[in-house]
Amino acid sequence: MTTPALSLIKSDLPEKWQEILADLITDPKELLDFLELDEADNPFSCKAITQFPLIVPRPFAARIEKGNWNDPLLLQVWPDLAEEASDPLRSTDPLQELNFNNEPGLLHKYRGRVLLTAAPHCAIHCRYCFRRHFDYDANTPGRARWTEALDYIAQDRTIEEVILSGGDPLAAADGYLQWLLNELDSIFHLRTVRIHTRLPIVIPQRVTTELRAILKNLRCQVVIVVHSNHRNELDNRVFKALSDLADDGHVLLNQSVLLKGVNDNAASLIALNKALFSQRVLPYYLHLPDAVTGTGHFDVSDAKGRQLIDELRNQLPGYLVPTLVREESGKQSKTRIA
Ligand code: SF4
């Protein structure tokens with residue numbers, strides 16, 4: 001069955017990222033129709049999508065193999081019934097971020113750097129996300145209420161780096177982003193603005209001439225940390241977006257999450273890191289999944305993670321091997337596992 005919306009995925013995706021963002025797939029049945037899959041084989045969890053809705057951008061959906069329930073991209077977005085499993089060892093805030101929520105929109109966990117939740121939404125909902133229960137409404141102030149967070153940064157000269165996170169900061173409109181970046185850029189002791197984003201991977205059309213101009217005009221060094229977990233997420237359009245950002249002189253890093261069934265094998269991680277490096281993106285962290293309620297089916301053990309890193313070290317130059325880490329609440333930095 002082909003609906004007008006589905007035909008967009010096949011051949012005629014708009015080039016404007018705003019149009020793509022306004023037309024996300026949010027209905028599991030629509031996604032299954034497009035992927036030629038039968039819901040009876042793997043029913044979705046209504047409870048899970050009530051708490052954390054299904055969101056899949058069409059350019060990402062177009063990279064999922066049809067008829068394959070085990071596709072590594074599909075597994076990242078499918079609201080599996082396993083999300084309903086209860087586990088007393090899991091939490092909705094495993095990193096206890098609310099304890100570090102110094103001002104609305106600002107988290108100060110680590111010395112020398114703060115994180116701003118710059119946008120309340122993402123272009124995709126990754127089912128393993130550690131912020132799937134985060135209260136974005138209370139933590140994305142908007143221009144008027146950013147004053148407190150900006151004052152906090154301006155008054156603490158030990159802060160050298162601001163990390164824009166979210167949600168996804170690049171899901172915000174250019175005007176708002178430019179305003180916030182310029183405000184930060186005017187704080188003299190800041191040296192680096194780091195942007196954590198999955199947009200260049202899932203909607204590469206987001207890397208526009210306008211966005212590139214905004215980033216290029218900043219005094220601060222710009223570090224862009226993309227988030228890609230599997231080689232199949234990278235097509236030629238993604239390559240162009242990454243290459244454009246690298247041409248502009250920004251530092252490009254990738255962080256992945258080690259996910260059962262998605263990328264928990266050496267061949268997959270090697271292919272991903274080689275492909276990213278071809279576009280001047282270096283691997284940064286490989287995260288063990290956090291103990292978030294509803295995500296236990298993605299868990300990979302520490303031992304398996306260490307074994308994979310050993311295999312990567314045997315087959316790749318050191319600069320293509322990410323650091324395997326876990327975030328632990330209360331720690332001053334990520335815990336290095338391998
Ligand atoms: S893009 Fe990042 S913040 Fe958004 S759902 Fe995925 S992992 Fe979470």
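Remember, predicted model here, so these are calculated numbers, not experimental data. (Residues numbered from 1 in each chain as written. Predicted model: local features only at pLDDT ≥ 70, side-chain atom pairs only at ≥ 80, totals over all residues.)

## Examining the nonpolar core
Residues Val 56, Leu 116, Ile 124 and Val 162 are the most contacted members of the largest nonpolar core, which totals 83 residues. When we break this core down by domain, the ones giving at least three residues each are domain 1 (4-84) and domain 2 (97-336). Every residue in contact with Leu 116, bar those within four places of it in the chain, is listed here: Gly 105, Leu 106, Ala 149, Val 162, Leu 164 and Ser 165. (Core = buried A, V, L, I, M, F, W, Y, C linked by C-beta atoms within 7 Å. Buried ≥ 20, exposed ≤ 12 C-beta atoms within 10 Å, placed from the backbone. Domains from an automatic or database assignment. Contact = placed C-beta atoms within 7 Å.)

## A closer look at the environment of Gln 18
Following the sequence through the fold, Gln 18 ends up in helix H2 (residues 17-21). A residue is classified by how many C-beta atoms lie within 10 Å of it, and Gln 18, with 14 of them, is partly exposed. Through-space distance from the C-alpha of Gln 18 to that of Ala 275 is 27 Å; in sequence the pair is 257 residues apart. (Helix = DSSP H or I, 4+ residues; strand = E, 2+ residues; numbered from the N terminus.)

## Some remarks on the site of the ligand
Near the ligand you find Cys 122, Ile 124, His 125, Cys 126, Cys 129, Arg 131, Gly 166, Asp 168, Arg 198 and His 227, and these make up its full shell. By residue class, the composition of the shell around the ligand is 4 nonpolar, 3 polar and 3 charged. (Near = placed C-beta within 6 Å. Nonpolar A, V, L, I, M, F, W, Y, C, P; charged D, E, K, R; others polar.)

## With respect to the pairing of strand S7 (residues 282-287)
Of the pairings in the sheet, the one linking strand S6 (residues 251-257) to S7 comprises 4 bridges and is parallel in character. Within the sheet, the bridge partner assigned to Leu 253 lies in S7 and is Leu 282. Traced from S6 through helix H14 (residues 266-277) to S7, the parallel crossover comes out right-handed. In this structure, S7 lies alongside strand S8 (residues 323-326), joined through 3 bridges in parallel fashion. Each bridged residue has a counterpart across the sheet, and for Tyr 285 the counterpart in S8 is Thr 323. Read as a crossover between parallel neighbours, the route from S7 over helix H15 (residues 302-315) to S8 is right-handed. (Pairing = 2+ DSSP bridges. Right-handed = clockwise from strand over helix to strand, strands pointing away.)

## Considering unusual backbone geometry
Although it is not a glycine, Glu 36 adopts a positive phi angle of roughly 55°. Phi is positive for Arg 280, which is not a glycine, with a value near 70°. Relative to the helices and strands, Arg 280 resides in the loop between H14 and S7. Assessed through the 14 C-beta atoms surrounding it within 10 Å, Arg 280 is described here as partly exposed.

## As for the domain arrangement of the chain
Per the domain assignment, the segments making up the chain are domain 1 (4-84) and domain 2 (97-336). Relative placement of domain 1 and domain 2: their C-alpha centres are 23 Å apart. Counting only elements with at least two residues in the side of domain 1 that touches domain 2, the list comes to H2, helix H5 (58-61) and helix H6 (72-77). A per-element tally of the side of domain 1 that touches domain 2 places H6 first, with 5 residues. Its residues placed into classes, the side of domain 1 that touches domain 2 shows 19 nonpolar, 2 polar and 5 charged.

## Remarks on the sheet that holds strand S9 (residues 335-336)
Strands in a sheet are paired, the pairing made by backbone hydrogen bonds, and the direction either parallel or antiparallel. Reading across the sheet, the 9 strands line up as S1-S2-S3-S4-S5-S6-S7-S8-S9 and stay open at both edges, with mixed pairing between neighbours. For this open sheet the edge positions go to strand S1 (106-110) and S9, each flanked by a neighbour on one side alone. As defined by bridge partners, S8 adjoins S9 across 2 bridges and the pair is classed as antiparallel. Paired with Arg 326 across the strands is Thr 335, a residue of S9.

## Focus: the environment of Pro 28
Relative to the assigned elements, Pro 28 resides in helix H3 (residues 28-35). In this structure, Pro 28 is in contact with Phe 44, Ile 49, Leu 54 and Pro 79, ignoring residues within four places of it in sequence.

## As for H14
With 12 residues, H14 should reach 16 Å at 1.5 Å per residue; the first-to-last C-alpha distance of 16 Å fits that figure. Residues of H14 that are buried include every one of Leu 269, Leu 272, Asn 273 and Leu 276, and no others. The buried residues of H14 occupy one face: seen down the axis, they fall within an arc of 90°. Looking at the packing, one finds that the buried side of H14 touches S6, S7 and H15. (Expected span 1.5 Å × (residues − 1). Arc of directions from axis to C-beta.)

## Quick look at H15
Each full turn of the α-helix corresponds to 3.6 residues, which orients residues three or four apart in the same direction. An ideal rise of 1.5 Å per residue puts 20 Å on 14 residues; H15 measures up with 20 Å between its terminal C-alpha atoms. Buried within H15 we find Gly 305, Leu 308, Ile 309 and Leu 312. Angularly, the buried residues of H15 cover 100° about the axis, an arc narrow enough to put them on a single face. More than 90 degrees from the buried face of H15, the exposed residues found are Ala 303 and Asn 314. In this structure, the buried residues of H15 make contact with H14 and S8.

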